[in-house]
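Each chain, letter by letter, is given below.
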Amino acid sequence: MQKTSKQFDEVIRVCRDLFSKKLTDYGASFRVLRTPSLTDQIFIKVKSLRNFQTTGISKVGESEEENFIAIVNYSIIGLIQLEKGFADDFKQDKVEILALYDRFANEAKELMMRKNHDYGEAWREMRISSITDLIYQKVLRTKQIEDNAGETLVSEGIDANYFDMLNYAVFCLIKIYEQQEEFKPQII
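Each value, and the rule that gives it
Residues numbered from 1 in each chain as written. Predicted model: local features only at pLDDT ≥ 70, side-chain atom pairs only at ≥ 80, totals over all residues. Heavy atoms only, no water. Helix = DSSP H or I, 4+ residues; strand = E, 2+ residues; numbered from the N terminus. Buried < 20%, exposed > 50% of the residue type's maximum accessible area, 1.4 Å probe, protein only. Expected span 1.5 Å × (residues − 1). Contact = heavy atoms within 4.5 Å. Axes fitted to C-alpha atoms, helices over the stretch in contact; angles between N-to-C directions. Parallel < 35°, antiparallel > 145°, perpendicular 65-115°, else oblique. Left-handed = near helix turned anticlockwise from the far one by under 90°. Nonpolar A, V, L, I, M, F, W, Y, C, P; charged D, E, K, R; others polar. Salt bridge = Lys/Arg side-chain N within 4 Å of Asp/Glu carboxyl O. Phe/Tyr/Trp six-rings, centres within 6.5 Å; stacked < 30°, edge-to-face > 60°.

**Here's the deal with unusual backbone geometry**
Turning to step 1, where the next piece is worked out: Of note in the backbone geometry, E121 takes a positive phi value of approximately 55° without being a glycine.
Turning to step 2, where the next piece is worked out: You can see E121 is positioned in the loop between helix 4 (94-119) and helix 5 (128-147).
Turning to step 3, where the next piece is worked out: E121 sits in the buried class, given a relative accessible area of 15%.
Turning to step 4, where the next piece is worked out: We note that A149 has phi near 60°; this positive angle belongs to a residue other than glycine.
Turning to step 5, where the next piece is worked out: Positionally, A149 belongs in the loop between helix 5 and helix 6 (158-178).

**Topic: helix 5**
Turning to step 1, where the next piece is worked out: An ideal rise of 1.5 Å per residue puts 28 Å on 20 residues; helix 5 measures up with 29 Å between its terminal C-alpha atoms.
Turning to step 2, where the next piece is worked out: Those residues of helix 5 that fall on the buried side of the exposure criterion are I128, I131, T132, I135, Y136, K138, V139, T142, I145 and E146.
Turning to step 3, where the next piece is worked out: The inward-facing, buried residues of helix 5 abut helix 2 (35-55), helix 3 (64-84) and helix 6.
Turning to step 4, where the next piece is worked out: After helix 5 finishes, the residue A149 shows a positive phi value of roughly 60°.

**Looking at the environment of G150**
Turning to step 1, where the next piece is worked out: Along the chain, G150 turns up in the loop between helix 5 and helix 6.
Turning to step 2, where the next piece is worked out: Of the residues examined, G150 reaches a relative accessible area of 35% and is grouped as partly exposed.
Turning to step 3, where the next piece is worked out: Sequence-distant contacts of G150, that is, excluding residues within four places in its chain, are made with I145 and I158.

**Some thoughts on the environment of G157**
Turning to step 1, where the next piece is worked out: With respect to the helices and strands, G157 occurs in the loop between helix 5 and helix 6.
Turning to step 2, where the next piece is worked out: Considering only alpha carbons, one finds G157 and R141, 16 residues apart in sequence, at a separation of 9.5 Å.

**Focus on the packing of helix 2 against helix 3**
Turning to step 1, where the next piece is worked out: In contact at an axis separation of 9 Å, helix 2 and helix 3 are set at 165° when each is read in the N-to-C sense. Taken together, the axes of helix 2 and helix 3 are roughly antiparallel relative to one another. The two elements helix 2 and helix 3 meet at a crossing, and its hand is left-handed. Listed contacts from helix 3 to T35, L38, Q41, I42, K45, V46, S48, L49, F52 and Q53 of helix 2 are E64, N67, F68, A70, I71, Y74, S75, I77, G78, Q81 and L82.
Turning to step 2, where the next piece is worked out: Looking at the contact of helix 2 with helix 3 residue by residue, the classes come out as 11 nonpolar, 8 polar and 2 charged.

**What to know about the pattern of salt bridges**
Turning to step 1, where the next piece is worked out: Here the structure, examined in full by the defined rule, presents 15 salt bridges.
Turning to step 2, where the next piece is worked out: For D133, the salt bridge goes to R50, with nearest N and O atoms at 2.6 Å. Of the two residues, D133 sits in helix 5 while R50 sits in helix 2, which places them 83 residues apart along the sequence.
Turning to step 3, where the next piece is worked out: Look at D133 and you get partly exposed, because its relative accessible area is 37%.
Turning to step 4, where the next piece is worked out: Since its relative accessible area comes to 28%, R50 is described here as partly exposed.
Turning to step 5, where the next piece is worked out: One salt bridge connects E96 with K84, and the closest N-O pair in it is separated by 2.9 Å. Remark: K84 occurs in helix 3 and E96 occurs in helix 4; sequence separation between them is 12 residues.
Turning to step 6, where the next piece is worked out: The partly exposed category is assigned to E96, whose relative accessible area is 33%.
Turning to step 7, where the next piece is worked out: Among the residues examined, K84 registers a relative accessible area of 32% and is labelled partly exposed.

**Concerning the packing of aromatic side chains**
Turning to step 1, where the next piece is worked out: With the rule as written, the count across this model stands at 5 aromatic pairs.
Turning to step 2, where the next piece is worked out: For the ring pair F19 and F30, a centre distance of 6.0 Å and an interplane angle of 50° mean the geometry is tilted. Taken together, the residues F19 in helix 1 (residues 2-26) and F30 in the loop between helix 1 and helix 2 connect sequence positions 11 residues apart.
Turning to step 3, where the next piece is worked out: With a relative accessible area of 6%, F19 lands in the buried category.

Okay, here's the thing in C-alpha cells:
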C-alpha cells in the first residue's frame, strides 16, 4: 500500500496545482456556492464521464482525466463549504483556502488507507467505468440527503459522500496514469 500512498500524493499534487492556479485566476469565487450547487457540479462531471465512457465521444473535448480532477477538486470544495458555510463574497485568504484544501486531502488519504487495508485494494481490479458508476451513485445519494435537509436515519452524511467521491476519482486518475508507460501525472 506504500505504492498507493505515493500515487495518491502525486495525483493530489496535480489536482491541487490546478486548484491553486484557478484560485489565483478567480479568487475563492466558489465560496458563494451552496453545497447543493457543488453536488450538481460533480453531477455534471460524472454525467459527462458516463456519456464519454458509453459513446467514446466528447464534443466539448474534456478528457476523463480533466473530469476526474474536477471531481476531486469539487469534492474538496464541498468539504470546505460544509465546514465554513457559503459566503456572499469571495474575499478569502489564499493561504487559508489552500490549508483547508490540504487538510481535507490528508483526511481523504487517511480514510482511503484505512479502507484500502480492509478491502485489500479491490479498486485496482475494478474498471474505471465501474468506479465512475460508484461516483454517480454517491452523487445521487448526496442529492437525496440534501433534499432531505441533510438528515439521514442510518446513513453517513454529505461529508462522507464527498470523501468517497474524492477517493474514487483519485483511484480512476491512478488507473489512467498507470496506463502510461511510466506513472507520471502531468501538471495541467
